[in-house]
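# Structure assessment
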Amino acid sequence: MQIKIYRGTHQIGGCVTEIKTSNARIIIDMGEELPSANSLSQQFEIDGVTIGTPDCNAVLITHYHGDHIGMFEKILPGIPIYAGKTAKQIYGIVQSVLKNKLDKGNPERVNTFKEFTVGKPLYFGDIKVTPYTIDHSAFDAYMLLIEAEGKRILHTGDFRMHGARGSKMASVFEKYCKDIDVLITEGTMLSRVKERIITEHELGRQADKLLKENKYVFALCSSTNIDTIAEFYNAAIKNKKPFIVCEEDFQLEILKIVTQNSNSPFYNFNRQKIYSYGHNLHELMTGRGFFFLGRTNYVTQKAIEAFPDSLLIYSMWSGYLDKSHPAFDEHKTDFVNYALNCGCRLAHLHTSGHASVEQIKKVCKITGAKTIIPIHSENPEKLNSLGINGNIVVLQDNQNFIVE
Ligand SMILES: [Zn+2]
Ligand SMILES: [Zn+2]
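Here the structure is a predicted model, which is why all the values come from computation and not from measurement.

In this structure the tally under the stated criterion is 21 salt bridges. For the salt bridge of Arg160 with Asp227, the shortest nitrogen-to-oxygen distance reads 3.0 Å. Placement of Arg160 in the loop between strand 10 (151-155) and helix 4 (166-176) and of Asp227 in helix 6 (residues 226-238) is noted, with a sequence separation of 67 residues between them. The pair Arg160 / Asp227 is uniform in exposure class, with both members buried. In the salt-bridge network here, residues are joined through shared partners; they are Asp135, Arg160, Arg165, Glu200 and Asp227.

Time to look at the sheet that holds strand 20 (residues 400-402). Judged by pairing direction, the sheet is mixed, and its seven strands sit side by side in the order 6-5-4-3-2-1-20 without closing on themselves. Only two strands of the sheet have a single partner each, and these edge strands are strand 6 (114-116) and strand 20. Averaged over all pairs of adjacent strands, the angle between strand axes in this sheet comes to 25°, irrespective of strand direction. Bridging between strand 1 (residues 2-7) and strand 2 (residues 16-20) involves five bridges; their strand directions are antiparallel. Bridge assignment links Gln2 to a residue of strand 2, and that residue is Lys20. Here helix 2 (residues 85-102) sits on the sheet in contact with strand 5 (81-84) and strand 6, set at roughly 100° to strand 5.

At this site the zinc ion (ligand 1) is bound by Asp67 (OD), His68 (NE2), Asp158 (OD) and His376 (NE2), with donor distances of 2.1 to 2.2 Å. Mapping the donors of the zinc ion (ligand 1) onto the primary sequence yields the spacing D-H-x89-D-x217-H. Between the zinc ion (ligand 1) and the zinc ion (ligand 2), a spacing of 3.5 Å is present, and a bridge between the two is formed by Asp158. Here the residue Asp158 occupies a position in the loop between strand 10 and helix 4, and His376 occupies one in the loop between strand 18 (371-375) and strand 19 (391-392), the gap between them amounting to 218 residues. By the burial criterion, Asp158 is buried, and His376 matches it.

Bringing the domain arrangement of the chain into the picture now. Segmenting the chain into domains produces domain 1 (2-193 + 353-402) and domain 2 (200-348). For domain 1 versus domain 2, the separation of C-alpha centres amounts to 30 Å. Across the contact, 22 residues belong to domain 1 and 20 residues belong to domain 2. When domain 1 packs against domain 2, close to 1,600 Å² is buried across both sides, 61% of that on carbon and sulfur atoms. The largest per-residue losses of area from domain 1 upon contact with domain 2 belong to Ile93, Phe139 and Ala164, which jointly make up 30% of the total buried on that side. The interface formed by domain 1 and domain 2 contains three salt bridges. Among the salt bridges present, the one from Glu200 reaches Arg160, with a minimum N-O distance of 2.9 Å. Across the domain 1-domain 2 interface, the total number found is eight residue pairs in polar contact (both at pLDDT 80 or more).

Cut-offs applied
Residues numbered from 1 in each chain as written. Chains lettered and ligands numbered in written order. Predicted model: local features only at pLDDT ≥ 70, side-chain atom pairs only at ≥ 80, totals over all residues. Heavy atoms only, no water. Salt bridge = Lys/Arg side-chain N within 4 Å of Asp/Glu carboxyl O. Helix = DSSP H or I, 4+ residues; strand = E, 2+ residues; numbered from the N terminus. Buried < 20%, exposed > 50% of the residue type's maximum accessible area, 1.4 Å probe, protein only. Pairing = 2+ DSSP bridges. Axes fitted to C-alpha atoms, helices over the stretch in contact; angles between N-to-C directions. Contact = heavy atoms within 4.5 Å. Donors = N, O, S within 2.8 Å, 3.2 Å for Na, K, Ca; no water. Domains from an automatic or database assignment. Buried area = accessible area lost by both parts, 1.4 Å probe. Polar contact = N/O pair within 3.5 Å; in protein donor to acceptor, adjacent residues only side chain to side chain.

Written as C-alpha cells, this is what we have:
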C-alpha cells in the first residue's frame, strides 16, 4: 500500500492525500489552498482524478472547509464523492449562496455526493474505510480509519479536542483507533505553539459574561462555525436577549439543518427565538438588548450605526486582522475599524479549530501509531522535538510512502 500527499506536507490547507493498493485508489480531501500558500490551486491536477480518464474509486471529503472541499468541481465526473450528511447539506447552502450572489458555486454537484454513516465501513476494492465523527470547527467533520493489506491507517482530517465534542474524543480514539500502523495527522498548531487555546465551553462562559456586561452585542463569526454559534446562541437565550441574524435564508437555513440533524439540546436552535434583522426590530432591541450575529456587510454596518454604544465580538482568527500576515483580510479590518469609529467597543473571543501540540501528542500515544506523517502544517519537523514514540516521517509533496 502507498500513501502520497500530493499537496500539504508543508502548508496549512489544500492537503490532498492518496491511498493506493494494487487494485484500489482513494483520495482524501480536495480543497483550495489558503491565501497564505505559495502556489496556485488552478495549476493543481492529478491524473485520473482531475484530468485524463477517471482512475479513482472515490474522493472522501473530511469536512466542508474550503481548504478541504473547495476544488470538488475539478474531480472528474464518474468518481463518487463522499461527505457527511449534514456537512453536505450545509455546504450545499454555501454553494447556493455563491451561485445566487456571484454566479459561482455548484449546489447541484454537491447534491450528488454520497454520504458517510458514522462507524459504517465503506469498501473500495480491497480498501476498507470507516468514518468517525471528529471534533473540529466545521460541523459534522470526520476522521477516517483505512484498512487494507493487513495495515491500519488513521487520517485525522482537521481536528481538536477542545470543542463541543472534545471531551469525548479520547474515548473514541481509545475504542476505535488503537494499533495504528500509520497516523496521518494535521499539525496546524505546530507553527502556532504560542497561541492560547480555550475550550468552546470557556468561550461560551466568556460570551455569557460579555452579554451580562453589555446590553448590545454584535459578533463576527464564520457562518458555519456551529460550535461557536451554539455557544453564542445559548448565552443569548440564558440572558433573555433576542438572537438576531442578518441574512434570513442563509444563516437560518444552516441552523435549521443543524437542529434537524442533531439530537443534542446544545445544537437546538429554536426558530421562535431567532430574529431576522430589520428596522421593525429596533424597539425590541432597544428594550431588551440583543445578540446580533453579523456579517461584514452593509446590513450589519447599518445596524451598528443604529446601536453605536455596543460591543463587537470578533470571533475569528486574529491573523486576518494582522497586516503582516499573508491571510490578512482588508475587508474584515475595514469593517472592524468602521465599527470602532462608530463607537463600538471591541472584544476578541475566539478559539482554534485545531489540535494543540499536547492534543497531537495525546493522539499519537492513544493510537500507538508506529509511523506518524504530519500534514496541514507549516512546521511538520517540529513533531520530531516532542518526544513522541513512533517513527516520524516528514514527507515532501508528491513523495511516495510505502506502508510495510
Ligand atoms: Zn484545514
Ligand atoms: Zn478545517
